[in-house]
Amino acid sequence: MKYNINQISKTLDKIFSAGFNTEKKILSMMMEDLQRVPDLTSIEMNIIIDLKKAIKSKQIIAFLSGTPEDKERK
């Protein structure tokens, strides 16, 4: 799913403020940890899930740009 960069930025700000400010901490986030993040919307939860996938697959730029790796120009 493609997200607006402003949505991503707002979500990142929320998780950073809640103490999830490294890739390791973000990857270790569990559902219970989301309670520590104030006022999360369902879209922001999806952003966090997709961000974790992007970190695991080393595709952060593709995630931020909304362009999946398999659809990049070669």
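Along each chain, the written sequence defines residue order, and numbers are assigned to residues from 1. Predicted model: local features are reported for residues with pLDDT of at least 70 only, side-chain atom pairs are reported and counted for 80 or more only, and whole-chain, interface and lining totals are derived from all residues. Each side-chain value is derived from all of the structure's non-hydrogen atoms; neither hydrogens nor water enter the calculation.

J.: Summarise the overall build of the protein chain; cite the residues concerned and give the values.
T.: Each helix corresponds to a stretch of at least 4 residues labelled H or I by DSSP, and each strand to a stretch of at least 2 residues labelled E; elements are numbered beginning at the N terminus. In terms of regular secondary structure, the protein chain is built from 4 helices and 0 strands. When the elements of the protein chain are put in sequence order from the N terminus, they spell out α-α-α-α. C-alpha atoms define the radius of gyration, and 2.2 Å times the number of residues to the power 0.38 defines the globule rule. Its C-alpha atoms give the protein chain a radius of gyration of 12 Å, near enough to 11 Å, the size a compact globule of 74 residues would have. Should any heavy atoms of two residues lie within 4.5 Å, those residues are considered in contact. A sequence separation of at least 24 residues applies to 51% of the contacts in the protein chain between residues at least 6 apart.

J.: Explain the environment of Thr 67 to me, and be specific about the residues and the numbers.
T.: Note on placement: Thr 67 falls in the segment after α4 (60-65). As for Thr 67 and Ala 18, which are separated by 49 residues in sequence, their C-alpha atoms are 28 Å apart.

J.: An account of unusual backbone geometry is needed here, citing residue identities and associated values.
T.: Trans is the prevailing form of peptide bonds, just as negative phi is the prevailing case for residues other than glycine. The residue Asp 39 is not glycine, and still its phi comes out positive at about 55°. Mapped onto the secondary structure, Asp 39 falls in the loop between α2 (23-27) and α3 (42-56). The residue Lys 58 is not glycine, and still its phi comes out positive at about 55°. Summarising the element assignment, Lys 58 is placed in the loop between α3 and α4.

J.: Any details on a nonpolar patch on the surface? Residues and values, ideally.
T.: Here a patch means residues that are over 30% exposed by relative accessible area and free of salt bridges, tied together within 9 Å if like-charged and within 5 Å if nonpolar (Val, Leu, Ile, Met, Phe, Trp, Tyr). Areas reported here follow the Shrake-Rupley algorithm with a probe of radius 1.4 Å; residue values treat only the protein chains shown as occluding. Any Lys or Arg side-chain nitrogen located within 4 Å of an Asp or Glu carboxyl oxygen qualifies as a salt bridge. Judged by side-chain polarity, Ile 5, Ile 61 and Leu 64 come together as a nonpolar surface patch covering roughly 290 Å² of accessible area. Within the fold, Leu 64 resides in helix α4.

J.: Give me the packing of helix α1 (residues 5-17) against α3: which residues, what numbers.
T.: Throughout, an axis means a line fitted to C-alpha atoms (over the contacting stretch in the case of helices), and angles, computed between N-to-C directions, take values from 0 to 180 degrees. Here α1 crosses α3 at 80°, and the two axes come no closer than 10 Å. One element, α1, and the other, α3, form an angle in the roughly perpendicular class. Contacts between α1 and α3 involve Gln 7, Ile 8, Lys 10, Thr 11, Leu 12, Lys 14 and Ile 15 from the first element and Ile 43, Glu 44, Ile 47, Ile 48 and Leu 51 from the second. Three categories are distinguished: nonpolar for Ala, Val, Leu, Ile, Met, Phe, Trp, Tyr, Cys and Pro, charged for Asp, Glu, Lys and Arg, and polar for the others, with Gly belonging to the last. Each residue belonging to the contact of α1 with α3 can be placed in one class, and the counts come to 7 nonpolar, 2 polar and 3 charged. Here the angle decides the label: under 35 degrees means roughly parallel, over 145 means roughly antiparallel, 65 to 115 means roughly perpendicular, and every other value means oblique.

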